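Architecture at a glance
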Amino acid sequence: MRHAVWCARELVGREPFALLLPDELVQHPQGCLAQMMEFAQSLGKTANVIAVEEVARERVQSYGVVGVGERNGNAFAITQMVEKPPPEKAPSNLIITGRYILQPEIFDILAKQERGAGGEIQLTDAMSRLAQQQPFYGFKFAGQRFDCGSKVGFLAANVAYALARADIAPAVRAELKRLLGDG
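The structure reproduced in this document is the subject of the present report. Keep in mind it's a predicted model, so treat the numbers as computed, not measured.

Parameters and conventions
Residues numbered from 1 in each chain as written. Predicted model: local features only at pLDDT ≥ 70, side-chain atom pairs only at ≥ 80, totals over all residues. Heavy atoms only, no water. Helix = DSSP H or I, 4+ residues; strand = E, 2+ residues; numbered from the N terminus. Buried < 20%, exposed > 50% of the residue type's maximum accessible area, 1.4 Å probe, protein only. Polar contact = N/O pair within 3.5 Å; in protein donor to acceptor, adjacent residues only side chain to side chain. Salt bridge = Lys/Arg side-chain N within 4 Å of Asp/Glu carboxyl O. Phe/Tyr/Trp six-rings, centres within 6.5 Å; stacked < 30°, edge-to-face > 60°. Disulfide = S-S within 2.5 Å.

Quick look at the side chain of Gln 134
- Tracing the backbone through its elements, the reader meets Gln 134 in the loop between α5 (123–130) and β7 (136–140).
- Residue class for Gln 134 comes out buried when judged on its relative accessible area of 12%.
- Looking at Gln 134, its side chain comes within polar contact range of the side chain of Asn 48, at 3.0 Å.
- For Gln 134, the side chain forms a polar contact with the side chain of Glu 105, separated by 2.9 Å.

See the structure below:
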């Protein structure tokens with residue numbers, strides 16, 4: 001992911017920017033990024049905001065995980081960020097979920113970032129370095145997240161979005177019942 005962020009540096013310039021991972025969908029009437037932007041604006045200062053979500057502790061080794069500091073409504077100061085930690089070393093069970101509002105100084109750090117977990121240059125490692133200079137907040141968003149990077153997550157997202165549409169929900173429910181053998 002570092003490379004994709006790095007490629008955007010000339011377009012972004014020296015402005016804060018939003019980064020959305022395309023394989024993560026959040027279903028809610030108010031989008032996750034809109035929720036995050038409202039929170040970021042309420043801070044009234046330069047800060048970085050990361051969407052977070054609780055998962056079972058045994059699943060944290062697949063994600064970037066944050067440490068929880070002072071709380072501010074449905075947000076909190078991030079005390080640390082660790083990429084794919086073993087469950088027993090994870091600072092919490094709150095994972096980074098693919099929505100970020102970052103300050104442009106991240107590009108300066110990415111330019112010099114060394115390889116981390118999995119032998120890759122990790123955005124989480126660069127954010128940890130930036131957190132030594134600027135505040136980072138975790139934001140617990142409202143809505144249902146779907147990991148469309150997995151086949152099951154992709155299918156679940158399609159079903160959930162179909163069921164949310166009044167024009168096709170009855171037909172989708174009937175088809176699901178038929179497929180499941182419930183009538």
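Some details on the pattern of salt bridges
- A full pass over the atoms with the stated rule returns 6 salt bridges.
- In this structure, the salt-bridge partner of Arg 145 is Glu 24, at a minimum N-O distance of 2.5 Å. Of this pair, Arg 145 sits in strand β8 (residues 144–147) while Glu 24 sits in strand β2 (residues 24–27), and the two are 121 residues apart along the sequence. Take Arg 145 and Glu 24: they sit in the same class, and that class is buried.
- We note a salt bridge from Arg 145 to Glu 53, for which the minimum N-O separation is 2.4 Å. Separated by 92 residues along the polypeptide, Arg 145 in strand β8 and Glu 53 in strand β3 (residues 48–54) bring together distant segments of the chain. Both residues of the pair, Arg 145 and Glu 53, count as buried.
- Sharing partners across several salt bridges, the network here consists of Glu 24, Glu 53 and Arg 145.

Some thoughts on unusual backbone geometry
- Residue Lys 84 is not a glycine yet carries a positive backbone phi of 50°.
- Examined against the element boundaries, Lys 84 turns out to sit in the loop between β5 (75–83) and β6 (94–102).

A few points about the packing of aromatic side chains
- According to the stated counting rule, one finds 4 aromatic pairs in the structure shown.
- Ring centres of Phe 39 and Tyr 137 lie 5.6 Å apart, and the angle between their planes is 75°; this geometry places the pair in the edge-to-face category. Of this pair, Phe 39 sits in helix α3 (residues 32–43) while Tyr 137 sits in strand β7; the two residues are 98 residues apart in sequence, bridging distant segments of the chain.
- The exposure class assigned to Phe 39 is buried, which follows from its relative accessible area of 7%.
- Given the relative accessible area of 11%, Tyr 137 is considered buried.
- When the centroid spacing of 6.4 Å and the interplanar angle of 55° are considered together, the rings of Phe 146 and Tyr 161 count as tilted. One end of the pair, Phe 146, is in strand β8; the other, Tyr 161, is in helix α6 (residues 151–163), and 15 residues separate them in sequence.
- A residue is classified by how much of its surface remains accessible, and Tyr 161, at 32% relative accessible area, is partly exposed.
- By way of ring pairs, the aromatic residues Phe 39, Tyr 137 and Phe 139 are connected into one cluster.

Topic: the state of the cysteines
- Scanning the entire structure with this criterion turns up 0 disulfides.
- Lacking any disulfide linkage, Cys 32 is separated from the closest cysteine sulfur, that of Cys 148, by 14 Å.

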